[in-house]
Amino acid sequence: MGADRNACQLYQVMRLDAKVQDCNNAIERLSQPPALIVTSRRGFWGWLSRLWRWVRSWFGR
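Residues numbered from 1 in each chain as written. Predicted model: local features only at pLDDT ≥ 70, side-chain atom pairs only at ≥ 80, totals over all residues. Heavy atoms only, no water.

### Remarks on the environment of Asn 24
If you trace the backbone, Asn 24 turns up in helix 2 (residues 17-31). Its relative accessible area of 33% is what places Asn 24 among the partly exposed residues. Linking Asn 24 and Ala 7, residues 17 residues apart in sequence, is a C-alpha distance of 9.8 Å. (Helix = DSSP H or I, 4+ residues; strand = E, 2+ residues; numbered from the N terminus. Buried < 20%, exposed > 50% of the residue type's maximum accessible area, 1.4 Å probe, protein only.)

Next up, the structure:
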């Protein structure tokens, strides 16, 4: 976050308003708490299910 603040100050001095807004957005995103991670069938459990099916089919040969 410190790097973003330094970049923001530099962009303000250089009068690059679009970059200042980008830095402010980045600082805001970093200062918010992380979102909860919801596991789905595509995540770990989906991977584990596919692995288990593969193992069963391999031993079924």
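### Let's talk about the packing of aromatic side chains
By the definition in use, this model includes 4 aromatic pairs. For the pair Phe 44 and Trp 45, a centre-to-centre distance of 4.9 Å together with 75° between the ring planes defines the contact as edge-to-face. Between Trp 58 and Phe 59, the ring centres sit 5.1 Å apart and the planes meet at 80°, which makes this aromatic pair edge-to-face. Site record: aromatic cluster; members linked through ring pairs are Phe 44, Trp 45 and Trp 47. (Phe/Tyr/Trp six-rings, centres within 6.5 Å; stacked < 30°, edge-to-face > 60°.)

### Quick notes on a nonpolar patch on the surface
Taken together, the side chains of Phe 44, Trp 45, Trp 47, Leu 48, Leu 51, Trp 54, Trp 58 and Phe 59 make up a nonpolar region of the molecular surface, amounting to roughly 940 Å² of accessible area. When you line up the elements, Leu 48 lands in helix 3 (residues 44-59). Overall, the relative accessible area of 32% leaves Leu 48 in the partly exposed class. (Patch = residues over 30% accessible without salt bridge, like charges linked within 9 Å, V, L, I, M, F, W, Y side chains within 5 Å. Areas by Shrake-Rupley, 256 points an atom, 1.4 Å probe, with all protein chains shown as cover. Salt bridge = Lys/Arg side-chain N within 4 Å of Asp/Glu carboxyl O.)

### Focus: the confidence of the model for the protein
Looking at the protein, pLDDT values average 75 and 80% of them are 70 or higher. Mean pLDDT across the secondary structure elements of the protein bottoms out at helix 1 (residues 2-14), with 71, and peaks at helix 3, with 86. (pLDDT = per-residue confidence, 0-100.)

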